[in-house]
Amino acid sequence: MFGDELSERKRAILNAIVEAHIEGGDPVGSKFLVQNKQIACSSATIRNEMAELTELGYLEQPHTSAGRVPSELAYRFYVDQLARSYAVTTHEIDEINRLLKVKMTEIDQILSMASKVASVLTNYTGIAVKQKSAQISIKRFEGFVADEENFVLVMMTSAGTIKTKYVRVDTGISPTTVNQLTSVLNANISGLTADDITLPIIMNLESRMGNDAPLIGPIIKCIYEVLHELDSGELKYSGVDRLLQYPEYSDTDQLRTLIGSLERKDEIMELMSGATDDEINVILGSESPVQVMNNSAMVFKPIVKGGKKIGAVGVIGPLRMDYAKVLSTIAGITGRLADMLDDNSLTEGEDTNGRKE
């Protein structure tokens with residue numbers, strides 16, 4: 001197991017140094033550990049252990065007269081130990097429930113709110129990914145007349161979401177026509193992906209609608225829009241400005257490059273979407289394929305519904321991150337989101353104008 005070469009005393013000293021550096025950001029010396037971390041041995045013994053930890057690659061010494069700072073290896077050891085023991089506190093659960101108590105109806109709304117909650121509770125940049133899937137289809141169609149010139153098409157998707165589109169019909173539309181239309185769609189389009197909806201299928205729909213065949217064109221456009229929107233994947237982030245308060249990002253060029261990576265989205269989306277299980281993932285510095293994150297860490301956890309991964313929520317911050325706080329917060333947020341999804345909270349949709357069904 002990683003870190004097996006460390007004695008219990010070395011482990012205690014290393015954990016104390018990591019926690020002290022997270023709290024203050026300064027190099028940590030033996031005198032500080034004796035006075036503030038209740039290490040039950042002398043300063044000389046601690047210095048010797050710190051020297052050995054440095055040789056093993058767990059500590060670094062910025063200056064010859066300074067204390068030590070944790071290396072990326074030390075943070076990996078710390079996180080791996082911590083990941084087996086973190087817990088969500090009652091206060092954190094209450095705060096997460098309070099922030100997520102507003103009912104949301106679309107997965108992208110839920111993920112957007114989750115990234116904000118993650119940022120607020122951890123004081124880092126919150127991130128959320130909506131999973132890309134090439135197999136999205138419409139499972140069922142429903143429709144009803146809104147007024148003389150508009151009707152609402154409700155689409156229940158294989159992703160577990162419900163989308164609505166308002167369709168304008170200049171010549172007017174009756175409830176009978178809407179019922180016929182939804183029946184034809186359910187019989188011929190249900191279960192098909194965007195690539196499956198070919199020209200012969202569209203022509204067959206027009207044939208079945210008879211005199212109302214002109215309705216099929218705008219309806220197919222709505223269906224394509226919904227399927228491509230759900231298929232594309234999306235990255236949402238919140239609280240990027242929070243990074244400004246950390247000295248690690250005092251180099252404006254480095255911060256600008258990191259923000260540019262967030263805006264390009266593809267690398268981070270691929271990293272978060274590629275997680276192979278539903279456990280919390282901690283990516284430290286050079287472990288990340290995103291090169292500009294060498295001085296940063298990313299913590300995230302996938303969200304699973306019905307055995308399918310639909311997204312992930314996490315944070316980006318400095319390598320000197322409060323991992324105990326972050327791990328419990330991300331676990332709490334994703335746990336609450338899983339409960340919301342299991343309760344079938346996705347019961348409504350919105351059209352592109354924000355009007356509810």
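Residues numbered from 1 in each chain as written. Predicted model: local features only at pLDDT ≥ 70, side-chain atom pairs only at ≥ 80, totals over all residues. Heavy atoms only, no water.

Caption draft 1: Focus on the overall build of the protein. The number of helices and strands found in the protein is 12 helices and 10 strands. Over its C-alpha atoms the protein spans a radius of gyration of 26 Å, topping by over 25% the 21 Å that the globule rule assigns to 357 residues. Principal-axis analysis of the C-alpha atoms places the extent of the protein at approximately 90 × 40 × 35 Å. Relative to its 357 residues, the protein shows a buried fraction of 48%. Accessible surface, the protein: about 17000 Å² in total, of which carbon and sulfur atoms supply 47%. Taken together, the 36 basic and 50 acidic charged side chains of the protein have centroids lying 3 Å from each other. (Helix = DSSP H or I, 4+ residues; strand = E, 2+ residues; numbered from the N terminus. Rg over C-alpha atoms; globule rule 2.2 N^0.38 Å. Buried < 20%, exposed > 50% of the residue type's maximum accessible area, 1.4 Å probe, protein only. Areas by Shrake-Rupley, 256 points an atom, 1.4 Å probe, with all protein chains shown as cover. Lys, Arg positive; Asp, Glu negative; His and termini not counted. Charge placed at Lys NZ, Arg CZ, Asp CG, Glu CD.)

Caption draft 2: Molecular detail of the nonpolar core. Counting residues in each nonpolar core, the largest one holds 76 residues, and the members touching the most others are Leu14, Leu33, Met298, Val299, Val313, Tyr323 and Leu337. With 9 residues, helix α12 (residues 323-342) is the single largest residue contributor to this core. (Core = buried A, V, L, I, M, F, W, Y, C linked by side-chain atoms within 4.5 Å.)

Caption draft 3: Inspection of unusual backbone geometry at higher detail. Not every positive phi belongs to a glycine, and asparagine 123 is a case in point at roughly 70°. As for its placement among the helices and strands, asparagine 123 is situated in the loop between α6 (107-122) and β3 (125-130).

Caption draft 4: A look at the sheet that holds strand β5 (residues 150-157). Sheet architecture is open: 3 strands sit in the order β4-β5-β6, paired in antiparallel fashion. Two strands bound the open sheet, and with one partner strand each, they are β4 (138-147) and β6 (162-168). On average, adjacent strands in this sheet sit at an angle of 20° to one another, irrespective of strand direction. The sheet contact formed by β4 and β5 spans 8 bridges and is antiparallel. When the bridges of β5 are listed, glutamate 142 appears paired with valine 154. (Pairing = 2+ DSSP bridges. Axes fitted to C-alpha atoms, helices over the stretch in contact; angles between N-to-C directions.)

Caption draft 5: The arrangement of the sheet that holds strand β10 (residues 308-318) in detail. Taken in spatial order, the 5 strands line up as β7-β3-β10-β9-β8 in an open sheet, and their pairing is antiparallel. Each edge of the open sheet is held by one strand with a lone partner, namely β7 (234-238) and β8 (281-284). Adjacent strand axes in the sheet meet at a mean angle of 20° when their direction is disregarded. With 5 bridges joining them, β3 and β7 adopt antiparallel strand pairing. Its bridge partner lying in β7, valine 129 is registered against leucine 235. Contacting β3, β7, β9 (296-305) and β10, helix α10 (residues 252-264) crosses the sheet at an angle of about 140° to β7. (Contact = heavy atoms within 4.5 Å.)

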